[in-house]
Amino acid sequence: MVDIAQIKQFNFQYALATQQNLKEINLTVQTGDFITLAGNSGSGKTTLLRQLKKELWPVGKRSGEIIFEGQPLADLSQGVSAQKIGMVFQNPDNQLVMDTVIQELAFSLENIGEKSANIQKRIAELVSFLGFQDLLYASVHDLSGGQKQLVNLASVLILQPDLLLLDEPTAQLDPIATKEFISLLQRVHDELGMTVIISEHQLDDILPLSNQLWLMDDGEITYQGPVSGGLAAIWAQPTLREFVPDVPHVFLQNELIAPADIAALPLTVVSGKQLIERQHWQLTHVKREIAVNDQVTILKAKHVSFQYEKNDPYVLDQLNLEVHIGDWLAIVGKNGTGKSTLLKLLIGLLQPRHGEIKLQGKKIGKWVQAELFKTVGYLSQTPSDHFSYDSVRQEFIERARQLKRATPEQVAEEMLIKLGLQTLAERNPQDASGGEQQLIALGIVLLAQPRLLLLDEPTKGLDPIRKRSLGELLTRLQAEGLTLIMASHDMAFSARFASQCALLFDGTIVSEEEPYAFFAHNFFYTTTINRMLRSQLPEALNWEEVHA
């Protein structure tokens, strides 16, 4: 196969960094590769991807060489780079610049000077291939997260690039939209022969499509090669085993397949299911304990309806919700169903058109704002909304001072340790990775020691190890009396840690049960392990609950 890109002896250091962010990177990308780039939050994945896209080079000192299609990447003209190398970002809203879908597609072609006669033809061809004719004249602001990401991918594909880079493109998508996006990505690779490099934390859907796996840690490549070898390398380090996807994890954890035979490891639900049936393995399931909560109600929403503008359709319609002290409620549902809107209503950032919301028996509108924000913490889906200062430590110290804590410096240090952010203490929070920003924002919110915590996609951008640490931290706080309401697309995280799960659809809560009953009854909104094992173990939700 022909090399499409080579990275040789490459080093990079951000302008204000005290040490190198990428160290001695040597990589080869062959035409037609589908490469998954994995590593913990802050390991350098986004930084590395941006080095392959000249227009996105971050400010800093670089050395070494990047060759693209036989010539130095630095020598590519902006026009050639824009066409030949496409990139899709994590946040769907960061890439959209026009008002409608068709304008977004035309904008890409106009930018490279495409003739007007060809623009309509290329749009027609691409839209037919991707199958979203019904969205062509829609406002991008009215699209769901999955639809926005589809448009972002289309605006890159319409330039017919040779190399497609994707930086955690499904981080903000619901499970169904994620699978639709990944399926489309597979078509793009298989039918168009496009070379793909994708960074991801959730490897379940991506690894079966990949022929190469790159692992990163602290700015270095620790493994590059076939997927099976990468899984063996991860499994050989117990501290990294959380990165192994759920399906292969069951087989390795229970020693059904030895690491030496890892090439035979199933990566998909269907291959895992077939292997279990073929081998006649009998598995058992140990459920986690979920105590019945008989505490008093802390928050109640009654017949709540909301619309953004007077003549708009209702986002929420006659919604009822009751949460007790010590609950951990996970609200799941499709992108655009109103989960974020509901959280903003519950904290008083939006006012319902009809109905009422009471916190500790008192209407939200009657609370003094300062007291409300001490009682209720809110983690936005956009963590940078919480940042005001030049370092993470300063963010924590200043927030502690605002809250009149006796020893702000000590409080800040304790929060850095609690969230495992000591190495980021002096870094500007805006320069942190997406997952790191989530944790920093959470730290700012937790400093107020709220009694009720509202979390909007708290695991977005987090690697599996930090995700588990976050779940365990929140579980400890829940045991101390904290109540949590979480909007999430992460089925495995919700199943592993929440005490109640609810499905939001068509403006209201249509189902609410404890996790085992909730996920066992769902066909689409459930976990990978439940899909694979439900015929034998109907309530199995996570790999750690399954034993041979």
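Residue numbers restart at each chain and count upward from 1, following the sequence in its written direction. Two thresholds apply to this predicted model, a pLDDT of at least 70 for residue-level local features and 80 or more for giving and counting side-chain atom pairs, whereas whole-chain, interface and lining totals are computed over all residues. As a rule here, side-chain values cover all heavy atoms of the structure and leave hydrogens and water aside.

A.B. asks: Teacher, can you tell me more about the overall build of the chain here?
C.D. replies: Helices and strands together make up the secondary structure of the chain, namely 18 helices and 22 strands. The C-alpha extent of the chain, read off along each of the three principal axes, is 70 × 60 × 50 Å. Burial classes: relative accessible area under 20% of the type maximum marks a residue as buried, over 50% as exposed, and values in between as partly exposed (1.4 Å probe, protein chains only). Every one of the 548 residues in the chain was classed for burial, and the buried ones make up 54%. Restricting the contact set of the chain to residue pairs at least 6 apart, pairs at least 24 apart contribute 68%. Within the structure as shown, the chain displays about 23,900 Å² of accessible surface, and the carbon and sulfur contribution to it stands at 48%. Numbering of helices and strands starts at the N terminus; helices are DSSP runs of H or I of at least 4 residues and strands are runs of E of at least 2. Working rule for contacts: check all heavy atoms of both residues, and any pair within 4.5 Å makes them a contact. Per-residue and other accessible areas follow the Shrake-Rupley method at a 1.4 Å probe size, with only the shown protein chains counted as cover for residues.

A.B. asks: Mind showing me how you'd approach helix α3 (residues 101–111) here?
C.D. replies: Residues spaced three or four apart along an α-helix point in a common direction, a consequence of the helix completing one turn every 3.6 residues. Restricting attention to buried positions, one finds in α3 the residues V101, E104, L105, A106, S108 and L109. Against α4 (116–130) and α5 (145–157) lie the buried residues of α3.

A.B. asks: Help me understand the nonpolar core, please; the structure alone is not making it clear to me.
C.D. replies: A general feature of soluble globular proteins is that nonpolar side chains tend to end up buried together. Here, nonpolar core refers to any group of buried Ala, Val, Leu, Ile, Met, Phe, Trp, Tyr and Cys residues whose side-chain atoms link them within 4.5 Å. Of all hydrophobic cores here, the largest spans 50 residues; its most connected members are F396 and L453. Sorting elements by how many residues they give to this core places helix α14 (residues 434–446) first, with seven residues. If sequence neighbours within four positions are ignored, F396 has contacts with A412, M415, L416, L421, I440, G443, I444 and L447. In this structure, L173, A177, L184 and V196 belong to the second largest nonpolar core, which totals 40 residues.

A.B. asks: Where do I start with the pairing of strand β15 (residues 354–359) in this structure?
C.D. replies: Moving residue by residue along a regular strand, the side chains alternate between the two faces of the sheet. One ladder, built from five bridges, connects strand β12 (residues 297–306) with β15; its direction is antiparallel. Bridge pairing links K300 to K358 in β15. Count of turn residues in the β15/strand β16 (residues 362–363) antiparallel hairpin: two residues, of which Q360 carries a positive phi of about 50°. Two strands are said to pair when DSSP picks up at least two bridges between them.

A.B. asks: Mind showing me how you'd approach the sheet that holds strand β8 (residues 195–199) here?
C.D. replies: Neighbouring strands of a sheet are bound in pairs by backbone hydrogen bonds; such pairs are parallel or else antiparallel. The sheet built from six strands is open, its strands ordered β6-β7-β8-β3-β9-β10 with mixed pairing. Bordering the open sheet on either side are β6 (85–88) and β10 (220–225), each of which pairs with just one other strand. Averaged over all neighbouring strand pairs, the angle between strand axes comes to 15°, with direction disregarded. An axis is simply a line fitted to the C-alpha atoms; with a helix, the fit covers only the stretch in contact. Between two such axes, the angle follows the N-to-C directions and lies from 0 to 180 degrees. Contacts from helix α7 (residues 227–235) reach β9 (212–217) and β10, with the element oriented near 30° to β9.

A.B. asks: I keep staring at the UniProt feature "domain: ABC transporter" (unreviewed entry) in the chain and nothing clicks. Help me out?
C.D. replies: The sites that carry the UniProt feature "domain: ABC transporter" (unreviewed entry) are, in the present numbering, residues 7–243 and 299–531. When the span residues 299–531 is considered, its composition is 36% helix and 24% strand, and the gap between its end C-alpha atoms is 34 Å. UniProt positions are given in the numbering used here, feature names are shortened, and annotations may be inferred rather than shown by experiment.

A.B. asks: Which parts of the structure should I look at to understand the pattern of salt bridges?
C.D. replies: Two side chains that carry opposite charge are able to pair once their charged atoms sit near each other. By salt bridge we mean one thing: a side-chain nitrogen of Lys or Arg within 4 Å of a carboxyl oxygen of Asp or Glu. Counting across every chain of the model gives 22 salt bridges. Between E55 and K53 there is a salt bridge whose closest N-O contact spans 3.1 Å. Taking the relative accessible area as the measure of exposure, E55 reaches 33% and is therefore partly exposed. We note a salt bridge from D162 to K84, for which the minimum N-O separation is 3.3 Å. With a gap of 78 residues between them, D162 in the loop between α5 and β7 (163–167) and K84 in helix α2 (residues 78–84) connect regions that are remote in the sequence. Of the residues examined, D162 reaches a relative accessible area of 25% and is grouped as partly exposed. For K84, a relative accessible area of 31% puts it in the partly exposed group. Salt bridges sharing common partners tie together E242, R468, E472, R496 and E544.

A.B. asks: Looking at this structure, I do not really get the packing of aromatic side chains. What am I missing?
C.D. replies: When we look at a pair of aromatic rings, we describe it by the centre distance and by the angle of the planes. The criterion for an aromatic pair is that two Phe, Tyr or Trp rings (for Trp, the six-membered ring) have centres within 6.5 Å, with stacked assigned to planes under 30 degrees apart, edge-to-face to planes over 60 apart and tilted to the rest. One pass over the full model with this rule turns up eight aromatic pairs. Ring centres of F251 and W281 lie 6.1 Å apart, and the angle between their planes is 55°; this geometry places the pair in the tilted category. Of this pair, F251 sits in helix α8 (residues 246–253) while W281 sits in the loop between α9 (269–279) and β11 (284–285); the two residues are 30 residues apart in sequence, bridging distant segments of the chain. Accessibility assignment for this pair places F251 and W281 in one class, buried. Measuring from ring centre to ring centre gives 6.1 Å for W328 and F497, while their planes differ by 15°; the resulting arrangement is stacked. Taken as a pair, W328 in strand β14 (residues 328–332) and F497 in helix α16 (residues 491–497) lie far apart in primary sequence, 169 residues in all. Given a relative accessible area of 9%, F497 falls into the buried group. Among the aromatic side chains, those forming a connected cluster through ring pairs are W328, F493 and F497. We call a charge positioned over a ring when the NZ of a Lys or the CZ of an Arg lies within 6 Å of the ring centre and within 35 degrees of the ring normal. Note that R187 overlies the ring of F129, its terminal NZ or CZ placed 4.1 Å from the centroid.

A.B. asks: Would you mind showing me how to read the sheet that holds strand β21 (residues 508–513) here?
C.D. replies: Strands sit in the order β17-β18-β19-β14-β20-β21 across an open sheet of six strands; the sheet is mixed. Of all the strands in the sheet, the pair left with one neighbour each is β17 (376–379) and β21. Neighbour-to-neighbour, the strand axes of the sheet open up by a mean angle of 15°, direction not taken into account. As defined by bridge partners, β14 adjoins strand β19 (residues 483–487) across four bridges and the pair is classed as parallel. Bridged to A330 within β19 is M486. Running at roughly 165° to β17, α14 makes contact with β17 and β18 (452–456) of the sheet.

A.B. asks: So what exactly am I meant to see when it comes to the packing of helix α12 (residues 392–402) against helix α13 (residues 408–418) here?
C.D. replies: The axes of two packed helices give the description: the angle between them and the distance between them. Contact geometry of α12 with α13 gives a least axis separation of 8 Å together with a crossing angle of 130°. Here α12 is positioned oblique relative to α13, judged by the angle of their axes. Our pair here, α12 against α13, has a crossing hand that is right-handed. Listed contacts from α13 to V392, R393, F396, I397, A400 and R401 of α12 are P408, E409, V411, A412, E413, M415 and L416. Gly counts as polar in this scheme, as do all residues outside two lists: the nonpolar Ala, Val, Leu, Ile, Met, Phe, Trp, Tyr, Cys and Pro, and the charged Asp, Glu, Lys and Arg. Residues of the contact of α12 with α13, tallied by class, amount to nine nonpolar, no polar and four charged. Oblique is the label for any angle not covered by the other classes, which are roughly parallel (under 35 degrees), roughly antiparallel (over 145) and roughly perpendicular (65 to 115). We call a crossing left-handed when the near helix sits turned anticlockwise from the far one by less than a right angle, and right-handed when that turn is clockwise.

A.B. asks: Looking at this structure, how should I read α8?
C.D. replies: Most of α8 sits inside the fold, with seven of its eight residues counted as buried. Inspection of α8 places D246, V247, P248, H249, V250, F251 and L252 among the buried residues, and these make up the whole buried set. The inward-facing, buried residues of α8 abut α7, α9, α16, α18 (528–533) and β22 (546–547). Downstream of α8 by one or two residues, E255 has phi in the positive range, about 55°.

A.B. asks: How should the packing of α3 against α5 be read in this particular structure?
C.D. replies: Between α3 and α5, the least distance of the axes is 8 Å, while the angle of their chain directions is 30°. Considering their axes alone, α3 and α5 lie roughly parallel with respect to each other. Pair α3 / α5 crosses with right-handed handedness. Across the interface between the two elements, V101, E104, L105 and S108 of α3 pack against V151, A154 and S155 of α5.

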